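Structural description and commentary
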Amino acid sequence: RHLYADALRAGNEAEKLGATGWRVNTVLALAAYYSGDVAEGYERAAAAMKDLPAGESSWESMALVKVFAESRWKAIKMAVRADKDWPGEWLADVHAAYSVLRDHPLGTDQEVVWHYELMMWLGAHKKAVGVLRAGLERFRDSEALHQRLRDRILKWRGGDALEATYAGLLKKYDDPARLEAFAGLAALVTGDHWRRIQKFEKADAAYARAIEHYENAVAAHKAHKAGADHAIALALAARARLAYLEGDDEKALETMLASFKRSPDTVGTRDGMGITPGETAQMLLSRLRSAKDEAGTAVLEEAMSKLDQELLRPDIGLDGR
């Protein structure tokens, strides 16, 4: 608090002595904003932005642009909620500010998320997609951006388009160390999508592709192994679930055992459908016992006995899906 007060005093004194331009306005904007005088901070930020040099890479420039973008965003938000007209240049200012932040050395993916959410809130869906794609050019391994890309494509274009999008990204960037795991997750999400609407053959194929992507991710960068093992175990369990629903107990058993082997600790984790590998195993075991399949029952019982029993506690939905 005292340092901000000192900065305000120094900035005001410099201005009295004739200092002008973006730097003095930036000092006064940030000191006022972080001292709680938001209105003054916004006004000074607007003044500083007029003189901000292109390519300025300091922390001060990054902080300034964030304050300015926030001021315009809040002004737009207030006008929209009050059903009032607002100048079109406000939105142009927001686009320009977030573009600077996206390319700034100290910028983060969070600014891209804010930009995207603003476009979505205003109903500018096409512009929002452009924001996402431009953001992924810079922040290729941003979980937040990939999540929004997956959600949007799946909602508006479907599962086939989602996997095709990631195939395109892998081809465009040739960056398996950062993109294969995201392609795997996209395939998992696609598998859940097809499974939800009971297109089991397409779901199974998507889960198989997810496993392949995760294997490729590990081959490209060994740091992916723990996460990949977890995801592959869920994909295998999902395939076992599909085999069970289609009455293929032999395949269900084989795939279930592979899931346990790949990641025993994943047995209690819920997949995208809200079902754990353990719950699928319990259902399969019950049917093997009812069918008097002694060999299959023995194999599955032995495998399950080696797992953390707390993770195997059943919690199965009524429809078994």
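As the structure is a prediction and not an experimental result, all values here were calculated from the model.

**Topic: the overall build of the protein chain**
Secondary structure summary: the protein chain contains 15 helices and zero strands in total. Once the C-alpha set of the protein chain is aligned to its principal axes, its extents read approximately 95 × 40 × 40 Å. The 321 residues of the protein chain split such that 44% are buried. Considering only contacts in the protein chain between residues 6 or more positions apart, those separated by 24 or more positions represent 60%. Only carbon and sulfur atoms are counted for the fraction: they give 52% of the accessible area of the protein chain, which is about 16900 Å². The centroid of the 45 positive side-chain charges in the protein chain is displaced by 3 Å from the centroid of its 49 negative side-chain charges.

**Concerning empty space enclosed by the protein**
Gaps left between atoms are located by rolling a probe of water-molecule size over the structure's atoms. Overall, the coordinates contain one cavity of 30 Å³ or more when judged by the stated rule. Here the largest cavity defines a volume of roughly 40 Å³. Mapped onto the lining of the largest cavity, the elements with two or more residues apiece are α5 (88-103), α6 (109-121) and α7 (125-138). Each residue belonging to the lining of the largest cavity can be placed in one class, and the counts come to four nonpolar, three polar and one charged.

**Re helix α14 (residues 277-290)**
Over its 14 residues, α14 runs 20 Å from end to end, which matches the ideal 20 Å to within 8%, given 1.5 Å per residue. Among the residues of α14, Pro277, Gly278, Glu279, Thr280, Ala281, Met283, Leu284, Leu285 and Leu288 are the ones counted as buried. Residues of α14 that are buried in the fold lie against α12 (225-245), α13 (249-262) and α15 (294-305). Just beyond α14, the residue with positive phi is Lys292, at close to 55 degrees.

**Side note on the packing of α12 against α13**
Contact geometry of α12 with α13 gives a least axis separation of 8 Å together with a crossing angle of 165 degrees. Comparing their axes, α13 and α12 come out roughly antiparallel. Our pair here, α12 against α13, has a crossing hand that is left-handed. Seen from α12, the contacting residues are Asp229, Ile232, Ala233, Leu236, Ala237, Arg239, Ala240, Ala243 and Tyr244; seen from α13, they are Asp249, Lys251, Ala252, Thr255, Met256, Ala258, Ser259 and Arg262. In terms of residue class, the contact of α12 with α13 is made up of ten nonpolar, two polar and five charged.

**Concerning the packing of α7 against helix α8 (residues 143-157)**
Running from N to C, α7 and α8 point in directions that differ by 140 degrees, and their axes come no closer than 10 Å. Between α7 and α8, the angle falls in the class oblique. Taken as a pair, α7 and α8 cross one another with a handedness that is left-handed. Counted together, His125, Lys126, Val129, Leu132, Arg133, Gly135 and Leu136 of α7 and Leu145, His146, Arg148, Leu149, Arg152, Trp156 and Arg157 of α8 form the full contact between these two elements.

**Details of a nonpolar patch on the surface**
The grouping of Tyr4, Tyr34, Trp59 and Leu106 at the surface amounts to a nonpolar patch, some 400 Å² of accessible area in total. Following the sequence through the fold, Leu106 ends up in the loop between α5 and α6.

**Looking at the pattern of salt bridges**
One pass over the full model with this rule turns up 24 salt bridges. Put simply, Asp204 and Arg239 hold a salt bridge, and the shortest N to O gap is 2.8 Å. One end of the pair, Asp204, is in helix α11 (residues 200-220); the other, Arg239, is in helix α12, with 35 residues separating them in the sequence. Ionic pairing is found between Lys225 and Asp229, a salt bridge with its closest N-O pair at 3.0 Å. Taken together, the residues span about one helical turn, with Lys225 and Asp229 both in helix α12 at a distance of four residues. Overall, Lys225 belongs to the partly exposed group, its relative accessible area being 43%. Its relative accessible area of 12% is what places Asp229 among the buried residues.

**Remarks on the confidence of the model for the protein chain**
The pLDDT averaged across the protein chain works out to 93; a share of 98% of its residues lies at or above 70. Under a pLDDT of 50 for its full length, residues 316-321 has, in the predicted model, 13 contacts with residues more than four places off or in other chains.

**A short note on the nonpolar core**
If you look at the biggest cluster of nonpolar residues, it comprises 45 residues, and the most contacted ones within it are Leu64, Leu145, Leu149 and Tyr166. With eight residues, helix α4 (residues 59-81) is the largest single contributor of residues to this core. Excluding its chain neighbours within four sequence positions, the residues that come into contact with Leu149 are Leu132, Leu136, Thr165, Tyr166 and Leu169. Ala187, Ala206, Ile232 and Ala235 belong to the second-largest nonpolar core, a separate cluster that totals 20 residues.

**A short note on the side chain of Asp229**
Separated by 2.7 Å, the side chains of Asp229 and Arg262 make a polar contact. The contact partners of Asp229, leaving out residues within four places of it in the chain, are Arg262 and Ser263.

**Some details on the side chain of Glu111**
Looking at the element boundaries, Glu111 is found in helix α6. Within the structure, the side chain of Glu111 is placed 2.6 Å from the backbone nitrogen of Thr108, a separation counted as a polar contact. When near neighbours in sequence (up to four residues on either side) are disregarded, Glu111 contacts Lys66, Tyr98 and Leu101.

Basis of the calculations
- Residues numbered from 1 in each chain as written.
- Predicted model: local features only at pLDDT ≥ 70, side-chain atom pairs only at ≥ 80, totals over all residues.
- Heavy atoms only, no water.
- Helix = DSSP H or I, 4+ residues; strand = E, 2+ residues; numbered from the N terminus.
- Buried < 20%, exposed > 50% of the residue type's maximum accessible area, 1.4 Å probe, protein only.
- Contact = heavy atoms within 4.5 Å.
- Areas by Shrake-Rupley, 256 points an atom, 1.4 Å probe, with all protein chains shown as cover.
- Lys, Arg positive; Asp, Glu negative; His and termini not counted.
- Charge placed at Lys NZ, Arg CZ, Asp CG, Glu CD.
- 1 Å grid on protein atoms, 1.4 Å probe; cavity = no way out; pocket = protein on both sides within 12 Å on 5 of 7 lines; lining within 4 Å.
- Points joined across faces, edges and corners; volume = space filled by probe spheres on them.
- Nonpolar A, V, L, I, M, F, W, Y, C, P; charged D, E, K, R; others polar.
- Expected span 1.5 Å × (residues − 1).
- Axes fitted to C-alpha atoms, helices over the stretch in contact; angles between N-to-C directions.
- Parallel < 35°, antiparallel > 145°, perpendicular 65-115°, else oblique.
- Left-handed = near helix turned anticlockwise from the far one by under 90°.
- Patch = residues over 30% accessible without salt bridge, like charges linked within 9 Å, V, L, I, M, F, W, Y side chains within 5 Å.
- Salt bridge = Lys/Arg side-chain N within 4 Å of Asp/Glu carboxyl O.
- pLDDT = per-residue confidence, 0-100.
- Core = buried A, V, L, I, M, F, W, Y, C linked by side-chain atoms within 4.5 Å.
- Polar contact = N/O pair within 3.5 Å; in protein donor to acceptor, adjacent residues only side chain to side chain.

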